[in-house]
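Residues per chain are reported as follows:
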Amino acid sequence: MEQFDAVDVIRTKRDGGVLSHDQIRWVIDAYTRGVVKDEQMAALAMAVFLRGMGREEISQWTRAMIESGERMDFSGIGRPTADKHSTGGVGDKITLPLAPLVATFGVAVPQLSGRGLGHTGGTLDKLESIPGWRASLSNDEVLHQLGEGCGAVICAAGSGLAPADKKLYALRDITSTVDCIPLIASSIMSKKIAEGTGSLVLDVKVGSGAFMKDIDAARELARTMVDLGADAGVRTRALLTDMSTPLGLTVGNALEVAESVEVLAGGGPADVVDLTVALAREMLESAGVRDADVEAALADGRAMDTWRAMIREQGGDPDAPLPVSKHTHTVCAEADGVLGALDALAVGVASWRLGAGRAVKDDPVQAGAGIELHAKPGQRVRKGQPLLTLHTDDEWRIPRALESLEGRIGIGDSAPEERGVVLERVE
């Protein structure tokens, strides 16, 4: 590979120039190997943050990050593959019912997931509240479970996938260059493309509990990621979905697992069911399965059967009781009226402070911690009626959690404007 000088690459982007394919491939490779130093990559990331990148640059940047590691190959499993990625929210347990639901129709779902950080929950943390379940699988175990097993796997991504992204993400986190659409899009898509899926559906959250607070930014991120997928030969589409209020009626780890099982049993909150069904349809269509009756698979127990098999194949006991927290505290309505607002970010932070989330990546999480919602915006409530129940193993955490909720629960005379959980579609 041609040698470049890191300072020249930084200067090109700093001055608003376009980085060449060779410059991008060299700088990502050299940074992964330690030839380009953190302070130089930090300067380049800030130049990208301020100057942006065009579609071709972002595509090449993503490709270089994929090439920094291994790439999984599912061509031998005998089934089409579809994956889903969510940009993260509060109460977002959709992966849990979605993966087995899609696998029920013969489409393999290689759902390589992550852990929670801050106010957004992590899929692996949720599933680890199931006794015996394990997140770390070898590549051979993943291939077996997708091909000869239940057809769905939710597990930790191996360290060999897009190692440049892991290194760059940690640097962006400490240099205030996280919220940059070219770098967000290439980070997400390099991992998802390296995972080897044939098709991908993106759930791009919009609202107070989401990374993207306004719909224009969410739309731009979705469009950028869909284009990156197309450039890499992965059939990609996106849904913009509402995250102004928590999804479903639970936020936490074991609490969200229990709600997911309700959905798989044909029940569960309407917004969780609606989004699960919408994403399942998109995944199945993109994998070539049309006119699948996904609601029937939830109602008749087929999706539940796949869920139980998936949990067992990863060492878990689907019948084991889920952990329960030692302490609870109930928040009640202070007046009669209509619940107008229940801010997703405030509920997410409260759940995190109760022990359901982590401040840094090595923090432990409490399986039973979190929040149950007893009402959603638009519902009429009476003074003294329970609105939320806080769960934690440490009573001392409750006052700090209550602080984050102050002023974030609105009770008024009129209901907020109703809108569905799916706001827009991008393909």
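Keep in mind the model is a prediction, meaning the values are calculated, not measured.

(A) Region of the structure containing the overall build of the protein. Along its length, the protein carries 16 helices and 13 strands. Since a compact globule built from 427 residues should have a radius of gyration of about 22 Å, the 22 Å found for the protein is in line with a globular shape. Expressed as lengths along the three principal axes of its C-alpha atoms, the size of the protein is roughly 70 × 45 × 40 Å. Looking at the protein as a whole, 54% of its 427 residues are labelled buried. Sequence-distant contacts, at least 24 apart, represent 79% of the contacts inside the protein between residues at least 6 apart. When the accessible surface of the protein is split by element, carbon and sulfur atoms take 49% of a total near 17600 Å². Positive and negative side-chain charges in the protein, numbering 45 and 62 respectively, have mean positions lying 2 Å apart.

(B) Spotlight on the layout of surface pockets. As a volume, the second largest pocket reaches approximately 680 Å³. Along its surface, the second largest pocket is lined by 23 residues, and Asp242, Thr245, Lys376, Pro377 and Arg419 are the ones closest to its centre. Of all the elements in the fold, those that place two or more residues in the lining of the second largest pocket are α12 (270–286) and β8 (337–342). Classifying every residue of the lining of the second largest pocket gives 11 nonpolar, five polar and seven charged. There are two domains that each give the lining of the second largest pocket at least three residues, and those are domain 2 (82–160 + 186–314) and domain 3 (327–412).

(C) Seen up close, the environment of leucine 240. Within the secondary structure, leucine 240 sits in strand β5 (residues 235–242). Given the relative accessible area of 0%, leucine 240 is considered buried. Each C-alpha atom, one on leucine 240 and one on alanine 218, is 7.1 Å from the other, the two residues being 22 residues apart in sequence.

(D) Structural view of the UniProt feature "domain: Pyrimidine nucleoside phosphorylase C-terminal" (unreviewed entry) in the protein. In this structure's numbering, the residues bearing the UniProt feature "domain: Pyrimidine nucleoside phosphorylase C-terminal" (unreviewed entry) are residues 338–412. The distance separating the terminal C-alpha atoms of residues 338–412 is 5 Å; by composition the span is 28% helix and 29% strand.

(E) Region of the structure containing the packing of helix α15 (residues 344–356) against helix α16 (residues 398–405). Orientation of α15 relative to α16, taken along the N-to-C sense of each, is 170 degrees, at an axis distance of 8 Å. Between α15 and α16, the angle is such that the two are roughly antiparallel. Touching Ala346, Val347, Val349, Ala350, Arg353 and Leu354 of α15 are Ile398, Arg400, Ala401, Glu403, Ser404 and Leu405, all from α16.

(F) The arrangement of the packing of aromatic side chains in detail. Using the criterion set out here, one finds one aromatic pair in the structure. Plain terms: the ring middles of phenylalanine 4 and tryptophan 26 are 6.1 Å apart, the flat faces sit at 55 degrees to each other, and that makes the pair tilted. Of this pair, phenylalanine 4 sits in the segment before α1 (6–14) while tryptophan 26 sits in helix α2 (residues 21–33), and the two are 22 residues apart along the sequence. Of the residues examined, phenylalanine 4 reaches a relative accessible area of 22% and is grouped as partly exposed. Among the residues examined, tryptophan 26 registers a relative accessible area of 4% and is labelled buried. Over the aromatic face of tyrosine 31 sits the side chain of lysine 167, whose NZ or CZ is 4.5 Å from the ring centroid.

The rules behind the values
Residues numbered from 1 in each chain as written. Predicted model: local features only at pLDDT ≥ 70, side-chain atom pairs only at ≥ 80, totals over all residues. Heavy atoms only, no water. Helix = DSSP H or I, 4+ residues; strand = E, 2+ residues; numbered from the N terminus. Rg over C-alpha atoms; globule rule 2.2 N^0.38 Å. Buried < 20%, exposed > 50% of the residue type's maximum accessible area, 1.4 Å probe, protein only. Contact = heavy atoms within 4.5 Å. Areas by Shrake-Rupley, 256 points an atom, 1.4 Å probe, with all protein chains shown as cover. Lys, Arg positive; Asp, Glu negative; His and termini not counted. Charge placed at Lys NZ, Arg CZ, Asp CG, Glu CD. 1 Å grid on protein atoms, 1.4 Å probe; cavity = no way out; pocket = protein on both sides within 12 Å on 5 of 7 lines; lining within 4 Å. Points joined across faces, edges and corners; volume = space filled by probe spheres on them. Nonpolar A, V, L, I, M, F, W, Y, C, P; charged D, E, K, R; others polar. Domains from an automatic or database assignment. UniProt positions renumbered as here; feature names shortened; annotations may be inferred. Axes fitted to C-alpha atoms, helices over the stretch in contact; angles between N-to-C directions. Parallel < 35°, antiparallel > 145°, perpendicular 65-115°, else oblique. Phe/Tyr/Trp six-rings, centres within 6.5 Å; stacked < 30°, edge-to-face > 60°. Lys NZ or Arg CZ within 6 Å of the ring centre and 35° of its normal.

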